[in-house]
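Below, each chain spelled out in residue letters.
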Amino acid sequence: MSALKEYEAQLEAIDLTDPAPPQEPERQRWFMKKAAELIKEKSQELGRPLTARVKTFGCQMNERDSEKLRGILEAAGYVLTEEENADFILYNTCTVRENANLKVYGRLGYLGGLKKQNPHMMIALCGCMMQEAEVVDKIQKSYRFVDLIFGTHNIYKFAELLVSALQNDRMIIDIWKDTDKIVEDLPARRTYSFKSGVNIMFGCNNFCSYCIVPYVRGRERSRRPIDIIREIEGLVKDGVVEVMLLGQNVNSYGKNLEERVSFAQLLQEIEKIQGLERIRFMTSHPKDLSDELIDVMKHSKKICHHLHLPLQSGSSRLLKIMNRKYTKEQYLELTGKLRREIPDLSLTTDIIVGFPGETEEDFQETLDVVKKVAYDSAFTFIYSKRTGTPAAVMENQVPEDVIKDRFDRLLTLVQEIGRERSSRLQGQTLPVLVEHINEQDETLVTGRLDNNLVVHFPGDASMIGKLINVHLTDCKGFYYIGEAVR
Ligand code: SAH
Ligand code: SF4
Ligand code: F3S
(Lines give C-alpha, C1' and ligand atoms only; values in the text may rest on other atoms or scores of the structure.)
(Ligands and ions follow the chains in the order given, each with its own letter.)
Protein backbone atom coordinates (compact mmCIF):
# COMPACT_ATOMS: atom_id res chain seq x y z
CA MET A 1 0.00 0.00 0.00
CA SER A 2 1.39 3.46 -0.84
CA ALA A 3 2.13 5.79 2.07
CA LEU A 4 -0.74 8.08 1.13
CA LYS A 5 -3.22 5.21 0.78
CA GLU A 6 -2.14 3.94 4.20
CA TYR A 7 -2.82 7.40 5.52
CA GLU A 8 -6.26 7.50 4.01
CA ALA A 9 -7.08 4.22 5.76
CA GLN A 10 -5.90 5.67 9.10
CA LEU A 11 -8.06 8.76 8.61
CA GLU A 12 -11.03 6.57 7.74
CA ALA A 13 -10.90 5.02 11.23
CA ILE A 14 -11.13 8.37 13.07
CA ASP A 15 -14.43 9.34 14.68
CA LEU A 16 -14.90 13.12 14.66
CA THR A 17 -17.54 12.95 17.39
CA ASP A 18 -14.68 12.02 19.74
CA PRO A 19 -12.65 15.03 20.96
CA ALA A 20 -9.26 15.68 19.28
CA PRO A 21 -6.69 13.45 21.04
CA PRO A 22 -3.92 15.30 22.95
CA GLN A 23 -0.97 13.24 21.63
CA GLU A 24 0.83 13.61 18.28
CA PRO A 25 0.62 12.66 15.49
CA GLU A 26 -2.88 11.28 16.28
CA ARG A 27 -4.08 14.80 17.09
CA GLN A 28 -3.07 16.11 13.65
CA ARG A 29 -4.74 13.16 11.95
CA TRP A 30 -7.98 14.10 13.71
CA PHE A 31 -7.62 17.67 12.41
CA MET A 32 -6.86 16.45 8.87
CA LYS A 33 -10.15 14.60 8.91
CA LYS A 34 -11.91 17.63 10.38
CA ALA A 35 -10.39 19.85 7.67
CA ALA A 36 -11.53 17.35 5.04
CA GLU A 37 -15.08 17.60 6.36
CA LEU A 38 -15.00 21.41 6.19
CA ILE A 39 -13.45 21.43 2.72
CA LYS A 40 -16.05 18.95 1.47
CA GLU A 41 -18.89 21.19 2.68
CA LYS A 42 -17.34 24.23 1.06
CA SER A 43 -16.72 22.38 -2.17
CA GLN A 44 -20.35 21.16 -2.30
CA GLU A 45 -21.51 24.73 -1.70
CA LEU A 46 -19.38 25.99 -4.61
CA GLY A 47 -20.09 23.01 -6.85
CA ARG A 48 -16.40 22.47 -7.64
CA PRO A 49 -13.28 21.04 -6.00
CA LEU A 50 -11.11 23.43 -3.96
CA THR A 51 -7.52 23.93 -5.10
CA ALA A 52 -4.35 24.66 -3.12
CA ARG A 53 -0.90 25.87 -4.06
CA VAL A 54 2.28 25.77 -2.00
CA LYS A 55 5.11 28.00 -3.20
CA THR A 56 8.57 27.49 -1.75
CA PHE A 57 11.34 30.04 -1.29
CA GLY A 58 14.83 29.16 -0.02
CA CYS A 59 16.70 25.96 0.56
CA GLN A 60 16.08 22.21 0.34
CA MET A 61 14.88 22.14 3.95
CA ASN A 62 12.04 24.37 2.90
CA GLU A 63 11.41 22.23 -0.20
CA ARG A 64 11.06 19.19 2.03
CA ASP A 65 8.81 21.06 4.49
CA SER A 66 6.62 22.07 1.55
CA GLU A 67 6.20 18.42 0.56
CA LYS A 68 4.86 17.78 4.07
CA LEU A 69 2.54 20.79 3.87
CA ARG A 70 1.25 19.53 0.50
CA GLY A 71 0.67 16.09 2.00
CA ILE A 72 -1.51 17.64 4.72
CA LEU A 73 -3.43 19.79 2.22
CA GLU A 74 -4.07 16.75 0.07
CA ALA A 75 -5.24 14.72 3.06
CA ALA A 76 -7.62 17.62 3.82
CA GLY A 77 -9.16 17.20 0.37
CA TYR A 78 -7.60 20.03 -1.61
CA VAL A 79 -6.57 19.42 -5.20
CA LEU A 80 -2.94 20.57 -5.54
CA THR A 81 -2.15 22.99 -8.34
CA GLU A 82 0.64 25.27 -9.55
CA GLU A 83 -1.91 28.00 -10.44
CA GLU A 84 -1.43 31.31 -8.67
CA ASN A 85 -5.20 31.71 -8.45
CA ALA A 86 -5.87 28.75 -6.13
CA ASP A 87 -8.39 28.71 -3.26
CA PHE A 88 -5.64 28.17 -0.71
CA ILE A 89 -2.22 29.76 -1.20
CA LEU A 90 0.65 28.96 1.12
CA TYR A 91 4.03 30.67 0.84
CA ASN A 92 6.84 28.84 2.62
CA THR A 93 9.32 31.69 3.05
CA CYS A 94 13.08 32.19 3.39
CA THR A 95 14.96 35.05 5.03
CA VAL A 96 18.61 34.10 4.60
CA ARG A 97 19.26 37.18 2.43
CA GLU A 98 17.22 40.34 2.08
CA ASN A 99 16.18 39.69 -1.52
CA ALA A 100 14.43 36.46 -0.42
CA ASN A 101 12.35 38.69 1.86
CA LEU A 102 11.59 41.33 -0.74
CA LYS A 103 10.32 38.72 -3.20
CA VAL A 104 7.64 37.65 -0.71
CA TYR A 105 6.38 41.19 -0.10
CA GLY A 106 6.26 41.81 -3.85
CA ARG A 107 4.12 38.74 -4.47
CA LEU A 108 1.88 39.39 -1.48
CA GLY A 109 0.74 42.66 -3.02
CA TYR A 110 -0.26 40.74 -6.14
CA LEU A 111 -2.08 38.05 -4.10
CA GLY A 112 -4.10 40.78 -2.35
CA GLY A 113 -5.45 41.77 -5.79
CA LEU A 114 -6.35 38.15 -6.64
CA LYS A 115 -8.16 37.72 -3.34
CA LYS A 116 -10.46 40.63 -4.16
CA GLN A 117 -11.62 38.69 -7.24
CA ASN A 118 -11.95 35.35 -5.41
CA PRO A 119 -13.47 35.93 -1.96
CA HIS A 120 -13.04 32.22 -1.12
CA MET A 121 -9.30 32.50 -1.43
CA MET A 122 -7.26 31.94 1.72
CA ILE A 123 -3.67 33.13 2.05
CA ALA A 124 -1.21 31.55 4.48
CA LEU A 125 2.45 32.30 5.21
CA CYS A 126 4.97 30.10 7.00
CA GLY A 127 8.69 29.37 7.16
CA CYS A 128 11.80 31.19 8.25
CA MET A 129 10.70 34.78 7.54
CA MET A 130 7.73 34.38 9.89
CA GLN A 131 10.07 33.72 12.82
CA GLU A 132 11.04 37.41 12.73
CA ALA A 133 8.78 39.57 14.90
CA GLU A 134 9.12 42.65 12.68
CA VAL A 135 7.93 40.69 9.64
CA VAL A 136 4.79 39.51 11.42
CA ASP A 137 4.14 43.10 12.63
CA LYS A 138 4.44 44.41 9.10
CA ILE A 139 2.04 41.78 7.72
CA GLN A 140 -0.50 42.52 10.46
CA LYS A 141 -0.35 46.21 9.59
CA SER A 142 0.01 46.27 5.82
CA TYR A 143 -1.29 42.91 4.54
CA ARG A 144 -4.45 42.43 6.55
CA PHE A 145 -5.92 40.03 4.00
CA VAL A 146 -3.56 37.23 5.12
CA ASP A 147 -5.53 34.44 6.89
CA LEU A 148 -2.87 32.36 8.61
CA ILE A 149 0.75 32.81 9.74
CA PHE A 150 2.90 30.14 11.36
CA GLY A 151 6.62 29.53 11.77
CA THR A 152 9.23 26.80 11.34
CA HIS A 153 8.75 25.02 14.69
CA ASN A 154 5.08 24.12 14.40
CA ILE A 155 4.77 22.98 10.79
CA TYR A 156 3.56 19.60 12.05
CA LYS A 157 0.51 21.44 13.47
CA PHE A 158 -0.58 22.72 10.07
CA ALA A 159 -3.79 20.62 9.97
CA GLU A 160 -4.91 22.07 13.30
CA LEU A 161 -4.08 25.62 12.19
CA LEU A 162 -5.87 25.07 8.90
CA VAL A 163 -9.05 24.09 10.77
CA SER A 164 -8.80 27.28 12.91
CA ALA A 165 -8.33 29.39 9.79
CA LEU A 166 -11.29 27.72 8.04
CA GLN A 167 -13.51 28.36 11.07
CA ASN A 168 -12.41 31.95 11.75
CA ASP A 169 -12.50 35.20 9.84
CA ARG A 170 -9.65 36.84 11.74
CA MET A 171 -5.94 36.38 11.01
CA ILE A 172 -4.59 33.32 12.88
CA ILE A 173 -0.99 33.71 14.07
CA ASP A 174 0.97 30.92 15.76
CA ILE A 175 4.73 31.39 16.07
CA TRP A 176 6.95 29.53 18.55
CA LYS A 177 10.35 30.81 19.62
CA ASP A 178 11.95 27.37 19.63
CA THR A 179 11.10 23.72 20.19
CA ASP A 180 12.71 20.45 21.13
CA LYS A 181 9.85 18.50 19.63
CA ILE A 182 10.11 16.31 16.51
CA VAL A 183 6.81 14.88 15.30
CA GLU A 184 7.16 11.80 13.08
CA ASP A 185 4.74 10.12 10.70
CA LEU A 186 2.96 12.93 8.90
CA PRO A 187 2.05 12.53 5.24
CA ALA A 188 4.09 14.11 2.43
CA ARG A 189 3.38 14.71 -1.25
CA ARG A 190 6.73 14.29 -3.00
CA THR A 191 7.72 16.39 -6.00
CA TYR A 192 9.66 13.48 -7.54
CA SER A 193 8.65 9.83 -7.45
CA PHE A 194 12.23 8.52 -7.47
CA LYS A 195 14.15 10.88 -5.19
CA SER A 196 13.47 12.58 -1.90
CA GLY A 197 14.96 14.85 0.72
CA VAL A 198 15.09 13.35 4.22
CA ASN A 199 15.60 15.54 7.29
CA ILE A 200 18.14 14.03 9.62
CA MET A 201 18.34 17.05 11.89
CA PHE A 202 16.76 20.44 12.40
CA GLY A 203 18.13 23.80 13.53
CA CYS A 204 21.69 25.08 13.90
CA ASN A 205 23.97 25.88 16.84
CA ASN A 206 26.82 27.50 14.96
CA PHE A 207 25.87 31.16 14.94
CA CYS A 208 28.10 32.26 12.07
CA SER A 209 28.08 36.01 12.64
CA TYR A 210 26.35 36.91 9.34
CA CYS A 211 23.68 34.20 9.44
CA ILE A 212 20.06 34.36 10.57
CA VAL A 213 19.33 30.63 10.29
CA PRO A 214 20.04 29.76 13.98
CA TYR A 215 17.58 32.47 15.04
CA VAL A 216 14.76 31.30 12.78
CA ARG A 217 15.33 27.54 12.84
CA GLY A 218 16.20 27.14 16.53
CA ARG A 219 18.66 24.83 18.24
CA GLU A 220 20.12 21.72 16.70
CA ARG A 221 18.02 18.56 17.10
CA SER A 222 18.75 15.18 15.47
CA ARG A 223 16.14 12.65 14.52
CA ARG A 224 16.65 9.15 15.88
CA PRO A 225 18.41 6.77 13.44
CA ILE A 226 15.50 4.33 13.70
CA ASP A 227 13.03 6.99 12.52
CA ILE A 228 15.29 8.04 9.65
CA ILE A 229 15.86 4.45 8.51
CA ARG A 230 12.15 3.67 8.72
CA GLU A 231 11.31 6.74 6.65
CA ILE A 232 13.88 5.83 3.98
CA GLU A 233 12.70 2.21 3.88
CA GLY A 234 9.16 3.51 3.32
CA LEU A 235 10.39 5.83 0.56
CA VAL A 236 12.27 3.01 -1.17
CA LYS A 237 9.13 0.85 -1.05
CA ASP A 238 7.41 3.76 -2.74
CA GLY A 239 9.92 3.90 -5.64
CA VAL A 240 12.62 6.22 -4.31
CA VAL A 241 16.19 5.33 -5.37
CA GLU A 242 18.05 8.49 -4.27
CA VAL A 243 17.87 10.32 -0.95
CA MET A 244 19.34 13.66 0.05
CA LEU A 245 19.97 13.75 3.80
CA LEU A 246 19.28 17.26 5.02
CA GLY A 247 20.70 19.30 7.90
CA GLN A 248 22.39 22.69 8.37
CA ASN A 249 25.49 20.87 9.56
CA VAL A 250 25.15 17.14 8.96
CA ASN A 251 28.62 16.51 10.35
CA SER A 252 27.41 17.22 13.85
CA TYR A 253 24.52 14.77 13.51
CA GLY A 254 23.68 12.74 16.59
CA LYS A 255 25.40 14.91 19.18
CA ASN A 256 22.21 15.54 21.16
CA LEU A 257 20.83 12.01 20.94
CA GLU A 258 20.59 9.89 24.06
CA GLU A 259 22.50 7.15 22.30
CA ARG A 260 25.20 9.01 20.44
CA VAL A 261 25.57 8.07 16.81
CA SER A 262 27.95 9.79 14.40
CA PHE A 263 26.94 10.92 10.93
CA ALA A 264 29.34 8.38 9.43
CA GLN A 265 27.66 5.59 11.43
CA LEU A 266 24.23 6.75 10.28
CA LEU A 267 25.42 6.66 6.66
CA GLN A 268 26.61 3.08 7.10
CA GLU A 269 23.18 2.06 8.36
CA ILE A 270 21.44 3.82 5.47
CA GLU A 271 23.79 2.15 3.00
CA LYS A 272 22.37 -1.24 4.05
CA ILE A 273 18.86 -0.38 2.85
CA GLN A 274 18.13 -2.64 -0.10
CA GLY A 275 16.85 -0.97 -3.23
CA LEU A 276 18.35 2.41 -2.33
CA GLU A 277 20.90 3.34 -5.01
CA ARG A 278 22.27 6.77 -4.18
CA ILE A 279 22.85 8.74 -1.00
CA ARG A 280 23.54 12.48 -0.99
CA PHE A 281 23.75 14.89 1.93
CA MET A 282 24.02 18.55 2.67
CA THR A 283 25.41 20.69 4.23
CA SER A 284 28.81 19.77 5.65
CA HIS A 285 30.52 22.25 7.93
CA PRO A 286 34.31 22.03 7.43
CA LYS A 287 34.99 22.30 11.17
CA ASP A 288 33.19 19.01 11.90
CA LEU A 289 34.13 16.86 8.91
CA SER A 290 35.69 13.70 10.35
CA ASP A 291 38.24 11.24 8.97
CA GLU A 292 35.64 8.58 9.76
CA LEU A 293 33.27 10.23 7.26
CA ILE A 294 35.94 10.44 4.55
CA ASP A 295 36.64 6.76 5.08
CA VAL A 296 32.98 5.77 4.89
CA MET A 297 32.50 7.84 1.71
CA LYS A 298 35.57 6.31 0.16
CA HIS A 299 34.38 2.73 0.66
CA SER A 300 30.68 3.25 0.06
CA LYS A 301 28.93 2.00 -3.07
CA LYS A 302 25.98 4.34 -2.65
CA ILE A 303 27.23 7.63 -1.25
CA CYS A 304 27.72 10.04 -4.14
CA HIS A 305 31.19 11.39 -4.64
CA HIS A 306 30.05 14.96 -4.24
CA LEU A 307 30.69 17.15 -1.23
CA HIS A 308 29.27 20.62 -0.69
CA LEU A 309 31.74 22.26 1.67
CA PRO A 310 30.97 25.96 2.25
CA LEU A 311 34.10 28.11 2.44
CA GLN A 312 32.42 31.54 2.96
CA SER A 313 35.81 33.31 2.84
CA GLY A 314 39.44 32.39 2.19
CA SER A 315 40.75 34.92 4.70
CA SER A 316 41.58 33.46 8.12
CA ARG A 317 41.10 36.91 9.62
CA LEU A 318 37.54 37.15 8.27
CA LEU A 319 36.75 33.51 9.02
CA LYS A 320 37.48 34.30 12.66
CA ILE A 321 35.10 37.27 12.67
CA MET A 322 32.55 35.14 10.84
CA ASN A 323 32.81 32.60 13.69
CA ARG A 324 33.48 29.75 11.27
CA LYS A 325 36.05 28.07 13.55
CA TYR A 326 38.57 27.09 10.84
CA THR A 327 41.42 28.87 9.11
CA LYS A 328 42.33 29.06 5.44
CA GLU A 329 45.13 26.57 6.08
CA GLN A 330 42.88 24.08 7.87
CA TYR A 331 40.34 24.28 5.06
CA LEU A 332 43.02 23.65 2.42
CA GLU A 333 44.43 20.77 4.43
CA LEU A 334 40.97 19.22 4.60
CA THR A 335 40.26 19.58 0.87
CA GLY A 336 43.74 18.24 0.11
CA LYS A 337 43.01 15.15 2.19
CA LEU A 338 39.63 14.72 0.49
CA ARG A 339 41.19 14.90 -2.96
CA ARG A 340 43.88 12.39 -2.02
CA GLU A 341 41.47 9.90 -0.45
CA ILE A 342 38.64 10.24 -3.00
CA PRO A 343 40.26 11.37 -6.27
CA ASP A 344 37.04 11.56 -8.29
CA LEU A 345 35.27 13.67 -5.63
CA SER A 346 33.42 16.69 -6.88
CA LEU A 347 33.73 19.65 -4.50
CA THR A 348 31.31 22.56 -4.43
CA THR A 349 31.03 25.51 -2.08
CA ASP A 350 29.31 28.70 -0.89
CA ILE A 351 31.20 31.99 -0.79
CA ILE A 352 30.13 35.36 0.60
CA VAL A 353 31.55 38.55 -0.93
CA GLY A 354 31.56 41.84 0.97
CA PHE A 355 31.37 40.67 4.59
CA PRO A 356 31.93 43.76 6.83
CA GLY A 357 35.57 44.84 6.80
CA GLU A 358 36.54 42.66 3.82
CA THR A 359 39.65 44.20 2.26
CA GLU A 360 41.12 43.54 -1.19
CA GLU A 361 43.74 41.37 0.56
CA ASP A 362 41.03 39.28 2.23
CA PHE A 363 39.31 38.92 -1.11
CA GLN A 364 42.58 37.82 -2.76
CA GLU A 365 42.78 35.04 -0.15
CA THR A 366 39.35 33.86 -1.25
CA LEU A 367 40.44 33.82 -4.92
CA ASP A 368 43.53 31.91 -3.86
CA VAL A 369 41.48 29.16 -2.18
CA VAL A 370 39.17 28.95 -5.21
CA LYS A 371 42.23 28.38 -7.43
CA LYS A 372 43.85 25.89 -5.08
CA VAL A 373 40.75 23.80 -4.42
CA ALA A 374 39.43 24.05 -8.01
CA TYR A 375 35.73 23.74 -7.18
CA ASP A 376 33.42 21.98 -9.59
CA SER A 377 31.00 24.78 -8.94
CA ALA A 378 30.29 27.44 -6.33
CA PHE A 379 27.35 29.50 -5.14
CA THR A 380 28.52 33.06 -4.71
CA PHE A 381 26.51 35.47 -2.56
CA ILE A 382 26.69 39.17 -1.93
CA TYR A 383 26.73 39.76 1.82
CA SER A 384 23.29 40.72 3.07
CA LYS A 385 22.78 42.45 6.40
CA ARG A 386 20.39 40.44 8.61
CA THR A 387 18.91 42.29 11.58
CA GLY A 388 19.75 40.62 14.87
CA THR A 389 23.01 39.01 13.72
CA PRO A 390 26.35 40.27 15.11
CA ALA A 391 27.61 41.25 11.63
CA ALA A 392 24.66 43.59 11.05
CA VAL A 393 25.99 46.06 13.61
CA MET A 394 29.62 45.94 12.48
CA GLU A 395 30.56 49.41 11.38
CA ASN A 396 32.83 48.78 8.43
CA GLN A 397 30.23 47.66 5.86
CA VAL A 398 31.79 47.42 2.36
CA PRO A 399 30.53 49.88 -0.32
CA GLU A 400 28.23 48.40 -2.95
CA ASP A 401 30.42 49.20 -5.99
CA VAL A 402 33.44 47.51 -4.39
CA ILE A 403 31.37 44.39 -3.63
CA LYS A 404 29.98 44.30 -7.16
CA ASP A 405 33.47 44.45 -8.67
CA ARG A 406 34.75 41.65 -6.40
CA PHE A 407 31.65 39.57 -7.03
CA ASP A 408 32.18 39.76 -10.82
CA ARG A 409 35.84 38.80 -10.55
CA LEU A 410 35.00 35.85 -8.30
CA LEU A 411 32.23 34.63 -10.57
CA THR A 412 34.50 34.75 -13.64
CA LEU A 413 37.14 32.66 -11.86
CA VAL A 414 34.64 30.17 -10.43
CA GLN A 415 33.08 29.63 -13.87
CA GLU A 416 36.41 29.26 -15.64
CA ILE A 417 37.57 26.61 -13.17
CA GLY A 418 34.17 24.91 -13.07
CA ARG A 419 34.17 24.52 -16.84
CA GLU A 420 37.58 22.95 -16.81
CA ARG A 421 36.68 20.59 -13.96
CA SER A 422 33.49 19.48 -15.70
CA SER A 423 35.29 18.67 -18.94
CA ARG A 424 37.48 16.04 -17.26
CA LEU A 425 34.81 13.37 -17.69
CA GLN A 426 34.63 13.69 -21.48
CA GLY A 427 34.63 10.26 -23.15
CA GLN A 428 33.80 8.28 -19.99
CA THR A 429 30.72 6.09 -19.57
CA LEU A 430 28.97 6.73 -16.24
CA PRO A 431 25.57 6.03 -14.65
CA VAL A 432 23.00 8.81 -14.91
CA LEU A 433 19.83 8.93 -12.82
CA VAL A 434 17.20 10.17 -15.28
CA GLU A 435 15.02 12.91 -13.76
CA HIS A 436 12.73 14.22 -16.50
CA ILE A 437 12.13 14.80 -20.19
CA ASN A 438 14.27 17.66 -21.44
CA GLU A 439 12.34 20.94 -21.36
CA GLN A 440 13.65 22.25 -24.70
CA ASP A 441 13.85 19.04 -26.73
CA GLU A 442 11.44 16.23 -25.96
CA THR A 443 13.56 13.61 -27.72
CA LEU A 444 16.08 14.05 -24.89
CA VAL A 445 15.98 13.13 -21.22
CA THR A 446 17.84 14.94 -18.44
CA GLY A 447 19.54 13.38 -15.45
CA ARG A 448 22.44 13.65 -13.05
CA LEU A 449 25.77 11.94 -12.58
CA ASP A 450 26.86 10.75 -9.17
CA ASN A 451 28.85 14.01 -8.86
CA ASN A 452 25.70 16.05 -9.54
CA LEU A 453 26.58 17.19 -13.09
CA VAL A 454 23.62 17.38 -15.47
CA VAL A 455 23.55 15.16 -18.59
CA HIS A 456 21.12 15.31 -21.54
CA PHE A 457 20.81 12.34 -23.88
CA PRO A 458 18.32 10.77 -26.33
CA GLY A 459 15.70 8.79 -24.43
CA ASP A 460 12.08 8.58 -23.35
CA ALA A 461 9.79 8.77 -20.33
CA SER A 462 10.26 5.07 -19.49
CA MET A 463 13.80 5.96 -18.32
CA ILE A 464 12.65 8.42 -15.62
CA GLY A 465 13.82 7.32 -12.17
CA LYS A 466 16.24 4.74 -13.62
CA LEU A 467 20.03 4.61 -13.58
CA ILE A 468 21.28 4.39 -17.16
CA ASN A 469 24.88 4.09 -18.33
CA VAL A 470 25.66 7.05 -20.54
CA HIS A 471 28.67 7.75 -22.72
CA LEU A 472 29.59 11.41 -22.13
CA THR A 473 30.29 12.61 -25.64
CA ASP A 474 30.24 16.38 -25.46
CA CYS A 475 30.96 18.72 -22.53
CA LYS A 476 29.05 21.99 -22.87
CA GLY A 477 30.58 23.81 -19.92
CA PHE A 478 28.37 22.90 -16.99
CA TYR A 479 26.51 19.98 -18.54
CA TYR A 480 27.08 17.06 -20.88
CA ILE A 481 25.42 15.70 -23.97
CA GLY A 482 25.66 11.92 -24.05
CA GLU A 483 24.38 8.65 -25.45
CA ALA A 484 22.86 5.71 -23.59
CA VAL A 485 25.00 2.58 -23.67
CA ARG A 486 23.06 -0.66 -23.75
N1 SAH B 1 24.23 25.61 6.96
C2 SAH B 1 24.84 25.88 5.75
C3 SAH B 1 24.37 27.10 5.02
C4 SAH B 1 22.97 27.57 5.07
S5 SAH B 1 22.68 29.14 4.36
C6 SAH B 1 26.33 26.05 6.02
O7 SAH B 1 26.74 26.43 7.06
O8 SAH B 1 27.06 25.87 5.11
C9 SAH B 1 23.34 28.91 2.73
C10 SAH B 1 24.40 29.90 2.37
O11 SAH B 1 23.88 31.21 2.36
C12 SAH B 1 25.57 29.98 3.33
O13 SAH B 1 26.51 28.97 3.12
C14 SAH B 1 26.14 31.34 3.05
O15 SAH B 1 27.11 31.30 2.02
C16 SAH B 1 24.93 32.13 2.55
N17 SAH B 1 24.53 33.15 3.52
C18 SAH B 1 24.07 32.96 4.76
N19 SAH B 1 23.83 34.16 5.35
C20 SAH B 1 24.14 35.11 4.46
C21 SAH B 1 24.13 36.54 4.47
N22 SAH B 1 23.75 37.22 5.53
N23 SAH B 1 24.53 37.19 3.34
C24 SAH B 1 24.92 36.51 2.25
N25 SAH B 1 24.96 35.17 2.19
C26 SAH B 1 24.59 34.47 3.28
FE1 SF4 C 1 24.17 29.66 9.11
FE2 SF4 C 1 26.58 28.96 9.92
FE3 SF4 C 1 24.44 27.58 10.76
FE4 SF4 C 1 25.21 27.40 8.23
S5 SF4 C 1 26.40 26.73 10.03
S6 SF4 C 1 23.15 27.70 8.97
S7 SF4 C 1 25.97 29.45 7.79
S8 SF4 C 1 24.95 29.70 11.24
FE1 F3S D 1 16.21 30.24 3.89
FE2 F3S D 1 15.37 29.14 6.08
FE3 F3S D 1 16.64 27.69 4.30
S4 F3S D 1 16.25 31.14 5.92
S5 F3S D 1 18.00 29.15 3.33
S6 F3S D 1 14.72 28.67 4.00
S7 F3S D 1 16.74 27.46 6.50
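Data block above holds the structure.
Residues numbered from 1 in each chain as written. Chains lettered and ligands numbered in written order. Predicted model: local features only at pLDDT ≥ 70, side-chain atom pairs only at ≥ 80, totals over all residues. Heavy atoms only, no water.

The next point concerns the overall build of the chain. Scanning the chain for helices and strands turns up 14 helices and 19 strands. Taking 486 residues into account, the globule formula puts the C-alpha radius of gyration at 23 Å, and the chain, at 23 Å, falls close to it. Structurally, the chain occupies a C-alpha span of about 65 × 60 × 50 Å along its principal axes. Expressed as a percentage of its 486 residues, the buried residues of the chain come to 55%. (Helix = DSSP H or I, 4+ residues; strand = E, 2+ residues; numbered from the N terminus. Rg over C-alpha atoms; globule rule 2.2 N^0.38 Å. Buried < 20%, exposed > 50% of the residue type's maximum accessible area, 1.4 Å probe, protein only.)

Right, let's get into the site of ligand 3. Surrounding ligand 3, one finds Cys59, Asn62, Cys94, Thr95, Val96, Cys128, Arg217 and Gln248. Considered class by class, the residues forming the shell around ligand 3 number 4 nonpolar, 3 polar and 1 charged. (Near = heavy atom within 4 Å. Nonpolar A, V, L, I, M, F, W, Y, C, P; charged D, E, K, R; others polar.)

Running from N to C, helix α9 (residues 263-271) and helix α10 (residues 291-299) point in directions that differ by 20°, and their axes come no closer than 8 Å. It follows that α9 is roughly parallel to α10 by the angle criterion. When you trace α9 past α10, the crossing you get is left-handed. Side by side, α9 and α10 meet where Phe263, Ala264, Gln265, Leu267 and Gln268 of the first sit next to Glu292, Leu293 and Val296 of the second. When its residues are assigned to classes, the contact of α9 with α10 shows 5 nonpolar, 2 polar and 1 charged. (Axes fitted to C-alpha atoms, helices over the stretch in contact; angles between N-to-C directions. Parallel < 35°, antiparallel > 145°, perpendicular 65-115°, else oblique. Left-handed = near helix turned anticlockwise from the far one by under 90°. Contact = heavy atoms within 4.5 Å.)

In total, this model carries 15 aromatic pairs according to the counting rule given. Consider the rings of Trp30 and Phe31, whose centres lie 5.0 Å apart with planes at 80°: the pair is edge-to-face. Residue classification places Trp30 among the buried positions, given a relative accessible area of 11%. Among the aromatic residues, those joined into a cluster by ring pairs are Tyr78, Phe88, Phe150 and Phe158. Geometry around Tyr105 places Lys138 over its ring, the cationic atom sitting 4.1 Å from the centre. Between Lys195 and the ring centre of Tyr192, over which it is positioned, the NZ or CZ distance is 4.7 Å. (Phe/Tyr/Trp six-rings, centres within 6.5 Å; stacked < 30°, edge-to-face > 60°. Lys NZ or Arg CZ within 6 Å of the ring centre and 35° of its normal.)

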